[in-house]
Amino acid sequence: MGRLARLLRRRRPGLVSLATTFAVSFAAVTAAVTVLVGILSYSAAARLVRVDQQSVFDEVVQDLRDEVRDQPMTPQDFSSSAPGHDLVRPARTDVQVLGPDGSVVDPGSPGLPVTDADRRIARAAPAGRLTEHRDVDVGSDVYRIATVALGDGRGAVQVAQEFSDTEDLLRALQQRTLVLMSAVVVAAGLFGWWLARRITRRLVILTSAAEDVARTRRLGIQVPVTGYDEVGRLGRAFDRMLGRLAQSEEDQRRLVQDAGHELRTPLTSLRTNISLLRRIDELPPATRDELVADLGQEARELTDLVNELVDLAAGQSDTEPPQRVDLADIAEDVAGVARRRTGRQIVVRTGGDTTTDGRPAMLTRAVSNLVENAAKFDREGRSPIEISVTGPAHPGTVRVEVLDRGPGITDGDLVRVFDRFYRAADARSLPGSGLGLSIVREVALAHGGAPFAVRREGGGTVIGFTVGGGV
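Cut-offs applied
Residues numbered from 1 in each chain as written. Predicted model: local features only at pLDDT ≥ 70, side-chain atom pairs only at ≥ 80, totals over all residues. Heavy atoms only, no water. Helix = DSSP H or I, 4+ residues; strand = E, 2+ residues; numbered from the N terminus. Buried < 20%, exposed > 50% of the residue type's maximum accessible area, 1.4 Å probe, protein only. Contact = heavy atoms within 4.5 Å. Areas by Shrake-Rupley, 256 points an atom, 1.4 Å probe, with all protein chains shown as cover. Pairing = 2+ DSSP bridges. Axes fitted to C-alpha atoms, helices over the stretch in contact; angles between N-to-C directions. pLDDT = per-residue confidence, 0-100.

Draft legend 1. Fine view of the overall build of the chain. Counting secondary structure elements, the chain contains ten helices and twelve strands. Going through the 471 residues of the chain one by one, you find that 40% of them count as buried. In the chain, the proportion of contacts linking residues at least 24 apart, taken out of those at least 6 apart, comes to 63%. Summed over its atoms, the accessible surface of the chain is roughly 26,800 Å², and 55% of this surface lies on carbon and sulfur atoms.

Draft legend 2. Looking closely at the sheet that holds strand S1 (residues 93–98). Judged by pairing direction, the sheet is antiparallel, and its five strands sit side by side in the order S2-S1-S5-S4-S3 without closing on themselves. Of all the strands in the sheet, just strand S2 (104–106) and strand S3 (130–138) have a single pairing partner and so form its edges. For this sheet, the mean inter-axis angle between neighbouring strands, taken without regard to orientation, is 30°. Judged from the seven bridges that link them, S3 and strand S4 (residues 141–149) form a sheet pairing that is antiparallel. Across the sheet, residue Asp 137 finds its bridge partner in S4, namely Val 142.

Draft legend 3. Up close: the confidence of the model for the chain. When pLDDT is averaged along the chain, the result is 77; 81% of the residues meet or exceed 70. Of the regions scoring below 50 in pLDDT, residues 1–14 engages in ten contacts with residues more than four places distant in sequence or in other chains. Counting interchain partners and residues more than four positions distant, the pLDDT-below-50 stretch residues 427–433 has 16 contacts.

So, in structure tokens, the structure goes:
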């Protein structure tokens, strides 16, 4: 929790929010795409317009050349005042007629400039001979001009196409394209800002919840996040994480409280006996021996309790890497150790596939606790202790049972034997901490299974656990 708080406190003032970043990114991408599409569209449109205008002009000039080649014609045939003149004048096209010496016979509107090259064309012998001029300034406009010879020195006809109008049209199109692109970029920025606020709203709620946890250290805060997308999954995962942390904190608190309660009894007895040691010389020999034996017993119980607490804490950790284990092999190893310690007869029965994914040390500790518990309560030892390992009753499930012929467990105690430090009334005189079966429960739950305890037909108890393969 301290690390989370430090991370949240490191937020620098003026840090750009995710919504702003998303909106700016959305607007930038939209602007880039819009500009690219606008440039490509304008270039394509301008090219089409220019090509179309050039094609019209070329067709007019080619028709004129074909006409003067087919039959002899004079400048008067192309005069704008002569009836029946047959030169077609398309829109934005100007025609001017030159005489044999290159002088203007019929001026265009507006009048077109005549160069030395045009005069040479007017005196040329071959009909249809051509010279062209591009980007010619005529007044305030720009023209392209083609001069076609009539042949035999009879003069020439100049055909001009206004070029500036087309460029004015394209400039207007360019300006409108820029205005449209600007409007699209602004609209994209506003839409991106709205969309970013809508998307990041749940992230803001999640961030507020994390800040509340860091500030108040209360893990029970519910994260109000809905939806089934990545943000919803993150919210639910964060909520589950807080639940696990809260449960872990509660388990630690209860463990400390229960451990403190259980430690008081042996420590109080030790203090009492230690106070008697101050006057041990005054005690009779029998009392001395009883006192020393009592001190040894209390020290052993205190040692066992501390070891059980350490094992319980270690059983709750996930430091041991999971691997493929065979619970039948673990049962055989535990049985061998228990035979040497207790001298009891222990039988192992297995059936089916008993392999699973688990942590070997934790599983060994759980099986060992079950066997030790059976040996402790079945003190007469008339029947062997049985370890049964079978699987799979359900896909991926292995079942471990330890059966004894002890006095059994009452129905009221069956539901509580796995609670920490719980000891049945008839077992409180026996050594032990009440943590052995609690460790079995923790191991079973950590491996996706569950503990169980039932009364055995014919007397005794069946206590065990299942392992579901989840680690």
